[in-house]
Amino acid sequence: MKRSSINPISKKQSLELEKRRELKAALIRERGAVCMTCGVRPVFPPISLSHIIPLSRGGKTDRSNAVLECNNCHQSYEKKPETRPVDSIGYKLWLAQKEDEK
Ligand SMILES: [Zn+2]
C-alpha cells in the first residue's frame, strides 16, 4: 500500500472532534448561540466551544468543562484560562458542576 502524502488524523483525534461537534450542537440547542462568558450573540466568526481547563492541561471535552464562546472570549481565555471572569455564566456553571461532583 502506498503511503498517502496527506497526514490522516488519528482515530483518537477524530473521536475528539466528533465529541466536540456534538457537545457544541447540544449546547446551542439548549442555550442558543450566545457567548456564555460575555453574553453576545456573535454572527461572524461563529460561536465556538471553549474548554475551561484546556485539553493541554488535562481538561476534558464534556459538559463540566465546556462553554460556548464568541471568538473574542475564546481568544482571550484560551491561553489564560485563569483570567476567565468568575461571574460569567460559563464559569458559574462549571463551579456548580464541580460542587455537584463532591
Ligand atoms: Zn464572549
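Remember, it's a predicted structure, so these values are computed and weren't measured experimentally.

1. Focus: the overall build of the protein
Alright, step 1. Within the protein, the secondary structure is distributed over three helices and two strands.
Alright, step 2. In sequence order, the secondary structure elements of the protein are arranged as α-β-β-α-α.
Alright, step 3. The dimensions of the protein, computed from C-alpha atoms along their principal axes, are 55 × 35 × 25 Å.
Alright, step 4. When each of the 102 residues of the protein is scored for burial, the buried share is 18%.
Alright, step 5. Of the contacts formed within the protein by residues at least 6 apart in sequence, a portion of 63% connects residues at least 24 apart.

2. Details of the confidence of the model for the protein
Close reading of the predicted structure is inappropriate where its pLDDT is low.
Alright, step 1. In the predicted model, the protein carries a mean pLDDT of 87, and the fraction of residues at 70 or more is 94%.
Alright, step 2. The element-level mean pLDDT for the protein is lowest in helix H3 (residues 89-101), coming to 79, with helix H1 (residues 11-31) highest at 95.

3. Some words on the nonpolar core
Alright, step 1. Membership of the largest hydrophobic core is limited to twelve residues, which are Leu27, Cys35, Met36, Ile47, Ile52, Ala66, Val67, Leu68, Cys70, Cys73, Tyr77 and Trp94.
Alright, step 2. Sorting the residues of this core by element identifies strand E2 (66-69) and helix H2 (71-79) as the ones contributing at least two each.
Alright, step 3. Top contributing element to this core by residue count: E2, with three residues.

4. Focus on H1
Alright, step 1. Between its first and last C-alpha, H1 extends 30 Å over 21 residues, near the 30 Å set by a 1.5 Å rise per residue.
Alright, step 2. For H1, the buried fraction is low: one of the 21 residues fall into the buried class.
Alright, step 3. Gly32 lies just past H1 and shows a positive phi near 85°.

5. Quick word on the pairing of E2
Alright, step 1. Of the two faces of E2, the one lined by Ala66 and Leu68 and the one lined by Val67 and Glu69 are each fully buried.
Alright, step 2. Both strand E1 (residues 48-51) and E2 contribute to a ladder of four bridges, which runs antiparallel. Residue pairing across strands places Ser48 opposite Glu69, the latter belonging to E2.

Cut-offs and rules
Residues numbered from 1 in each chain as written. Predicted model: local features only at pLDDT ≥ 70, side-chain atom pairs only at ≥ 80, totals over all residues. Helix = DSSP H or I, 4+ residues; strand = E, 2+ residues; numbered from the N terminus. Buried ≥ 20, exposed ≤ 12 C-beta atoms within 10 Å, placed from the backbone. Contact = placed C-beta atoms within 7 Å. pLDDT = per-residue confidence, 0-100. Core = buried A, V, L, I, M, F, W, Y, C linked by C-beta atoms within 7 Å. Expected span 1.5 Å × (residues − 1). Pairing = 2+ DSSP bridges.

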